[in-house]
Amino acid sequence: MTHAETIHAWNEPEGIHPRGTLVVLPGRGEHPGAYERFGRRLATDAYRVRIATEPGQVAELLLDEASDAPRVLVGADTGALWAASLAAQGAPGLDAVILAGLPTAQAAPPAGADREQDLALRSACPTYHGLLDRDGYRPGALAEPVPHELLSAADLGAITVPVLALHGADDTVSPLDAARRAYAGLPGTRFVSLADTRHDVLNDTSHRTAAATVVLFLERLRLSPALPEIARAEPHGSAA
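Below: a short report on this structure. Sequence order as written defines residue numbering, which begins from 1 separately in each chain. It should be noted that, the model being predicted, local features are given only for residues of pLDDT at least 70 and side-chain atom pairs only at 80 or more, the latter also being counted only at that level, while totals for whole chains, interfaces and linings use all residues. Think of the side-chain values as coming from all heavy atoms in the structure, minus any hydrogens and water.

1. Some words on the sheet that holds strand 5 (residues 96-100)
Then, number 1: Strands are labelled as partners when DSSP assigns at least two bridges between them. A run of H or I in DSSP counts as a helix once it spans at least four residues, and a run of E counts as a strand once it spans at least two, with each numbered from the N terminus. Judged by pairing direction, the sheet is mixed, and its seven strands sit side by side in the order 1-3-2-4-5-6-7 without closing on themselves. Because the sheet does not close on itself, it has two edges, and the strands there are strand 1 (8-10) and strand 7 (190-194). Each adjacent strand pair in this sheet contributes to an overall mean axis angle of 15 degrees, direction not counted.
Then, number 2: Two strands pair when backbone bridges link them, and strand 5 and strand 6 (residues 163-168) are joined in this way by four bridges, in the parallel orientation. Residue pairing across strands places alanine 100 opposite leucine 166, the latter belonging to strand 6.
Then, number 3: The criterion used for residue contact is that any of the two residues' heavy atoms lie within 4.5 Å. Think of each axis as a best-fit line through the C-alpha atoms, taken over the contacting stretch in the case of a helix, with angles from 0 to 180 degrees between the N-to-C directions. Of the strands in this sheet, strand 5, strand 6 and strand 7 touch helix 8 (residues 176-183), which is tilted by about 175 degrees from strand 7.

Here is the structure:
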């Protein structure tokens, strides 16, 4: 089976030129189909979305002439560590990285969770539970320790491309405070926490807000790697 046959893909609407390419790296226990909702939503905004589960797929997609720029890695859970490590190594063709629910060295794995507990740790969204709880899902995977070599390779301080970090305020797998400390060494990062959101920050009940935050980041990135503001909160009020 070729890489192209194993990659899940969502394309821009017919007749619209693509605005960029997102390569999604799933995390522990997940499968590509769990990102169907995310992929469809971003594709509606004309961003091509591809799911990759092997290193060869990532390199192929980032360097593929058919992959429109900006080319952005989106990693969730251990996929975020993988994305960060590729960015730290200066992966060719990479323009930015989005890190969702990044595990940290301080994050202790939850005690062996059963199927229902694992789903609850991930998200409060029943629709996402249905998307995830299919062939390829590994309940209890979040209890697996994160490999030390993966944590070491994800050197945030070595990343030179723009970074959007998304994290659930109610994440008990990778607590927000620990994530905040991890990103402190990378001042150029756009770090956004989502209220009432658990570990699978792209797929919780706030998934529309997460997707909107991603789109705003991408639109700014298209203008410049310096991420110029597009929407500004202006002072207002009655004149004296």
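2. Regarding helix 5 (residues 115-122)
Then, number 1: Partly exposed residues are those whose accessible area sits between 20% and 50% of the maximum for their type, while under 20% is buried and over 50% is exposed, using a 1.4 Å probe and protein chains only. Restricting attention to buried positions, one finds in helix 5 the residues Asp118, Leu119, Leu121 and Arg122. In an axial view of helix 5, the angular spread of the buried residues amounts to 160 degrees, which keeps them on one side of the axis.
Then, number 2: Looking at the packing, one finds that the buried side of helix 5 touches helix 6 (126-132).
Then, number 3: Sitting at the amino-terminal end of helix 5 is aspartate 114, which places a side-chain oxygen 3.2 Å from the backbone nitrogen of glutamate 116. Think of the arc as the fan of directions from the helix axis to the C-beta atoms. Two N or O atoms form a polar contact when they lie within 3.5 Å of each other; inside protein one atom must be a possible hydrogen donor and the other a possible acceptor, and for residues adjacent in sequence the pair counts only when both atoms belong to side chains.

3. Concerning the pairing of strand 3 (residues 47-51)
Two faces make up the sheet, and in a regular strand the side chains alternate between them.
Then, number 1: Taken across its five residues, strand 3 has five buried, putting it largely inside the fold.
Then, number 2: Side chains of strand 3 alternate between two faces, with Tyr47, Val49 and Ile51 and Arg48 and Arg50 buried alike.
Then, number 3: Judged from the three bridges that link them, strand 1 and strand 3 form a sheet pairing that is antiparallel. The residue of strand 3 that forms the bridge with histidine 8 is isoleucine 51.
Then, number 4: Here strand 2 (residues 20-25) runs beside strand 3; their pairing, made up of five bridges, is parallel. Note that in strand 3 the partner of valine 24 across the bridge is isoleucine 51.
Then, number 5: Here a crossover is taken to be right-handed if, once the strands point away from the viewer, the path from the first strand over the helix to the second is traced clockwise. With helix 2 (residues 36-44) bridging strand 2 and the parallel strand 3, this β-α-β connection has right-handed handedness.

4. Some words on the packing of helix 2 against helix 9 (residues 207-223)
Then, number 1: Here helix 2 crosses helix 9 at 45 degrees, and the two axes come no closer than 11 Å. Taken together, the axis directions place helix 2 and helix 9 in an arrangement best described as oblique. When the axes of helix 2 and helix 9 are compared, the crossing they make is right-handed. Residues Arg37, Phe38, Arg41 and Leu42 of helix 2 pack against His207, Arg208, Ala211, Val214, Val215 and Leu218 of helix 9.
Then, number 2: Of the residues belonging to the contact of helix 2 with helix 9, the class tally is six nonpolar, one polar and three charged. Put simply, angles under 35 degrees are roughly parallel, angles over 145 are roughly antiparallel, angles from 65 to 115 are roughly perpendicular, and the rest are oblique. Left-handed describes a crossing whose near helix is turned anticlockwise from the far helix by less than a right angle; the clockwise case is right-handed. When residue character is reported, Ala, Val, Leu, Ile, Met, Phe, Trp, Tyr, Cys and Pro are called nonpolar, Asp, Glu, Lys and Arg charged, and the others, Gly included, polar.

5. A look at the pattern of salt bridges
Then, number 1: Salt bridges are identified by distance alone: a Lys or Arg side-chain nitrogen within 4 Å of an Asp or Glu carboxyl oxygen. Scanning the entire structure with this criterion turns up ten salt bridges.
Then, number 2: For arginine 122, the salt bridge goes to aspartate 200, with nearest N and O atoms at 3.7 Å. Placement of arginine 122 in helix 5 and of aspartate 200 in the loop between strand 7 and helix 9 is noted, with a sequence separation of 78 residues between them.
Then, number 3: Classification of arginine 122 as buried rests on a relative accessible area of 1%.
Then, number 4: Here glutamate 144 and arginine 138 are joined by a salt bridge, their closest N and O atoms 2.5 Å apart.
Then, number 5: Taking the relative accessible area as the measure of exposure, glutamate 144 reaches 32% and is therefore partly exposed.
Then, number 6: Taken together, the salt bridges that share partners define one network made up of Glu30, Asp118, Arg122 and Asp200.

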